[in-house]
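# Residue-level structure breakdown
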Amino acid sequence: MSDFIESLTNVIPPDLLKRVEEELRYGWNMEQIKMKAEAKQDAVFGHSNAARSLEGIGELKAKIPRASFHFWGHRLGYECWEDKQFLNEFIRDNPEVAVRNRVKRTCVNGAIFDSSGTLIK
């Protein structure tokens, strides 16, 4: 692998070599910053729009950015997302992905139900 990288340094013009090195070093950092910004935008939307639970699936707990999902999936194996402890730690470390706004009441044809499904009115 180092021969390949060394051969690239011979091909890249010297004036571009520094810019290529900076991109390799800081490109991932830029991706992380973009992912955090997107997650914060999703959080703003999620806090103003209630999340519903689906029968048989459960309640939405977090919205995981695609890049984070694949990063940790490749690094630890995709089954890490099924591990409750891993998911709780991920949400703790990335609070912007947590879904906090949950449906308190649901209205169906004028009938109002609470979150447990009990008819209120």
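### Description of the overall build of the protein chain
Helix and strand content of the protein chain: four helices and two strands. For the protein chain, the α and β elements follow one another from N to C terminus as α-α-α-α-β-β. Burial analysis of the protein chain (121 residues in total) assigns 21% to the buried set. Within the protein chain, contacts between residues separated by at least 24 positions form 48% of all contacts whose residues are at least 6 apart in sequence. Total accessible area on the protein chain stands at roughly 9800 Å², and carbon and sulfur atoms take up 55% of it.

### Focus on the pattern of salt bridges
Tallied over the full model, the rule gives one salt bridge. The closest approach of N and O atoms between Arg-92 and Asp-93, which form a salt bridge, is 3.0 Å.

### Some remarks on the packing of aromatic side chains
Applying the stated criterion to the full structure yields seven aromatic pairs. Plain terms: the ring middles of Phe-69 and Trp-81 are 5.5 Å apart, the flat faces sit at 25 degrees to each other, and that makes the pair stacked. Taken together, the residues span a long stretch of sequence, with Phe-69 in helix α3 (residues 66-76) and Trp-81 in the loop between α3 and α4 (84-93) at a distance of 12 residues. For Phe-69, a relative accessible area of 31% gives the class partly exposed. Judged by centre distance (5.1 Å) and plane angle (80 degrees), the rings of Trp-81 and Phe-86 are edge-to-face. Residue Trp-81 is classed as buried on the basis of its relative accessible area, which comes to 12%.

### What to know about the confidence of the model for the protein chain
Atomic detail in the predicted coordinates should be set aside for any region of low pLDDT. Within the protein chain, residue pLDDT values average 74, and 65% of them lie at 70 or more. Looking across the protein chain, the model is least confident in strand β1 (residues 105-108), with a mean pLDDT of 53, and most confident in α4, with 94.

### Examining the environment of Glu-96
When you line up the elements, Glu-96 lands in the loop between α4 and β1. Glu-96 gets classed as buried once you look at its relative accessible area, which sits at 13%. When the C-alpha positions of Glu-96 and Gln-41 are compared, they lie 8.6 Å apart, and in sequence the two are 55 residues distant.

### Looking at the nonpolar core
Side chains of a nonpolar character, in soluble globular proteins, are inclined to be buried together. Ala-39, Ala-62, Cys-80, Trp-81, Phe-86, Leu-87, Phe-90, Ile-91, Val-97 and Ala-98 together form the largest nonpolar core, which totals 10 residues. Take this core: its biggest share by element is four residues, from α4.

### A word on a nonpolar patch on the surface
A contiguous nonpolar surface patch, about 260 Å² in accessible area, is contributed by Leu-16, Val-20 and Leu-24. Relative to the assigned elements, Leu-24 resides in helix α2 (residues 14-48).

### Observations concerning the side chain of Ser-68
By secondary structure assignment, the location of Ser-68 is in helix α3. Among all residues touching Ser-68, those that are not within four sequence positions of it are Met-35, Trp-81 and Phe-90.

What counts and what doesn't
- Along each chain, residue indices are assigned from 1 in the same order as the chain's sequence is written.
- Note on the predicted model: pLDDT of at least 70 is required for a residue's local features to be given, and 80 or more for side-chain atom pairs to be given and counted; whole-chain, interface and lining totals, by contrast, use all residues.
- Heavy atoms from the whole structure form the basis of all side-chain values; hydrogens and water molecules are not counted.
- Strands are runs of DSSP state E lasting at least 2 residues, helices are runs of H or I lasting at least 4, and numbering of each runs from the N terminus.
- Here the term buried applies to any residue with accessible area under 20% of the maximum for its type, exposed to any over 50%, and partly exposed to those in between, with areas from a 1.4 Å probe on protein chains only.
- In what follows, residue pairs with any heavy atoms lying within 4.5 Å of each other are defined as contacts.
- To be clear on the numbers: accessible area is Shrake-Rupley with a 1.4 Å probe, and residue cover counts the displayed protein chains and nothing else.
- For this document, the term salt bridge refers to a Lys or Arg side-chain nitrogen within 4 Å of an Asp or Glu carboxyl oxygen.
- When two rings of Phe, Tyr or Trp (its six-membered ring) have centres within 6.5 Å they constitute a pair, described as stacked for plane angles under 30 degrees, edge-to-face for angles over 60, and tilted for the intermediate range.
- A residue's pLDDT is simply how confident the predictor is in it, with values from 0 to 100.
- Definition of nonpolar core: a set of buried residues of the types Ala, Val, Leu, Ile, Met, Phe, Trp, Tyr and Cys, connected through side-chain atoms within 4.5 Å.
- For patch detection, residues must exceed 30% relative accessible area and be free of salt bridges, and they are connected within 9 Å for like charges or within 5 Å for nonpolar side chains (Val, Leu, Ile, Met, Phe, Trp, Tyr).

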